[in-house]
Amino acid sequence: MTAFDRLIVVTRHTRLDDLIVRFNTRSQARFYLERAGNDWSEYEAEHDAYQEALSDLRRHLDIGLPRQFLDRSLAPTFDFRAHDLVVAVGQDGLVANVAKYATGLPLVAVNPDPERFDGILLPFTVRDAEAAVVTVLEERARVQRITFAEATLRDGQRLLAFNDLFIGTRGHVSARYRITAGGVRETQSSSGVLVSTGVGSTGWMSSVFNMARGVAGLTGGHSGAPIRLPWDADRLLYAVREPFESRHSRVGIVAGYVEREDQLLIESQMPSNGVIFSDGMEADFLAFDSGAVARIGVAPECAMLVMPQAAA
């Protein structure tokens, strides 16, 4: 007897799939790429490898539990249930996308093509998938909790982030806002505020530290190595990108932590194009124009990523 009712396998489109959608047919997509000097065979090989992985996975996961295959585009509106076991068939971005909608559910992340994808968040191959699922069904799985960030607006709108939240503008103009951190409040003009989870601290946030190190070196100073938080840290890391000091803007609040019991408060002063988006996906956003107030903090939900069994 198992506590799980369904096995939800989340898949994604390949680059070739997206090209066919764009150009209507496979032959037209090939004509366009080759005319532009691109290698069609790489797109085709990647697509075929993914389809073969899905075919193998269907066989490996035929274990008597009802299955449903779901395209990632449907994840935001899909009714994930408390007794679902979720399998995501890579890349890493798919894991981040699915985890936000399958919060608290065990997530088995499968790398369909280890020769092409590093898969930091994809600990299992197609051959490993069945054994990983069985460990969950038998309640002996090793699970890694992953902290989410959240942004909430006064009108009740809310956005979760697996890697990071960006608060700023859609274009390349400066973001204008008031920020409150640790009881200190100031008006700022910057390229936006980046807030990172533990997983995200090795991604976009690390590039901010790289920039700081390069600038510090140019001026004879010293900047430390990027901060890497544990995946299950009860805190977030934030940084203000390129803050500008003027008669109307300050640069006293530049970087710091948001502990679980605290929040970062940001009040928009942007008449239009203000935005909060999550995990680098501008389609996954909240409008953040003048009058909007965002509270940024550690979300109560978390992701539950199934990991390989520890070596004996």
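Higher on the page you've got the structure.
On a predicted model such as this, the values are computed, not experimentally measured, just so you know.

Undergrad: Could you clarify how one ought to interpret the sheet that holds strand β12 (residues 235-240) in this entry?
TA: The strands making up a sheet associate through backbone hydrogen bonding, with each pair oriented either parallel or antiparallel. With antiparallel pairing, the six strands of this open sheet are ordered in space as β13-β12-β11-β8-β15-β16. Among the strands making up the open sheet, the edge pair consists of β13 (255-259) and β16 (281-287). For this sheet the average axis-to-axis angle between neighbouring strands, irrespective of direction, equals 25°. On the sheet, helix α6 (residues 204-218) packs against β8 (164-169), β11 (193-196), β12 and β15 (274-278) and is oriented at approximately 45° with respect to β12.

Undergrad: Even after reading the chapter, I still don't get the pattern of salt bridges, so can you show me in this structure?
TA: Two side chains carrying opposite charge are able to pair once their charged atoms lie near each other. Evaluated as defined, the whole model comprises 17 salt bridges. A salt bridge links Asp113 to Arg116, with the shortest nitrogen-to-oxygen separation between them at 2.7 Å. The exposure class assigned to Arg116 is partly exposed, which follows from its relative accessible area of 30%. Residues Arg260 and Asp234 are paired through a salt bridge, measuring 2.9 Å at the closest nitrogen-oxygen approach. Of this pair, Arg260 sits in the loop between β13 and β14 (264-268) while Asp234 sits in the loop between α6 and β12, placing them 26 residues apart in sequence.

Undergrad: Quick question: what am I supposed to make of the nonpolar core here?
TA: One broad trend across soluble globular proteins is that nonpolar side chains are buried collectively. Ranked by size, the top nonpolar core spans 28 residues in total, and within it Leu165, Leu264 and Ile276 carry the most contacts. Among the elements of the structure, β6 (142-153), β7 (158-161), β8, β9 (175-181), β11, β12, β14 and β17 (293-307) are those that each provide at least two residues to this core. Here the element with the most residues in this core is β9; it accounts for four residues. For Ile276, the contacting residues outside a window of four places in its chain are Ala151, Leu153, Leu159, Leu165, Phe166, Ile167, Asp284, Phe285, Leu286, Phe288 and Ala294. Val10, Leu107, Ala109 and Leu122 belong to the second largest nonpolar core, which has 27 residues in total.

Calculation rules
Residues numbered from 1 in each chain as written. Predicted model: local features only at pLDDT ≥ 70, side-chain atom pairs only at ≥ 80, totals over all residues. Heavy atoms only, no water. Pairing = 2+ DSSP bridges. Helix = DSSP H or I, 4+ residues; strand = E, 2+ residues; numbered from the N terminus. Axes fitted to C-alpha atoms, helices over the stretch in contact; angles between N-to-C directions. Contact = heavy atoms within 4.5 Å. Salt bridge = Lys/Arg side-chain N within 4 Å of Asp/Glu carboxyl O. Buried < 20%, exposed > 50% of the residue type's maximum accessible area, 1.4 Å probe, protein only. Core = buried A, V, L, I, M, F, W, Y, C linked by side-chain atoms within 4.5 Å.

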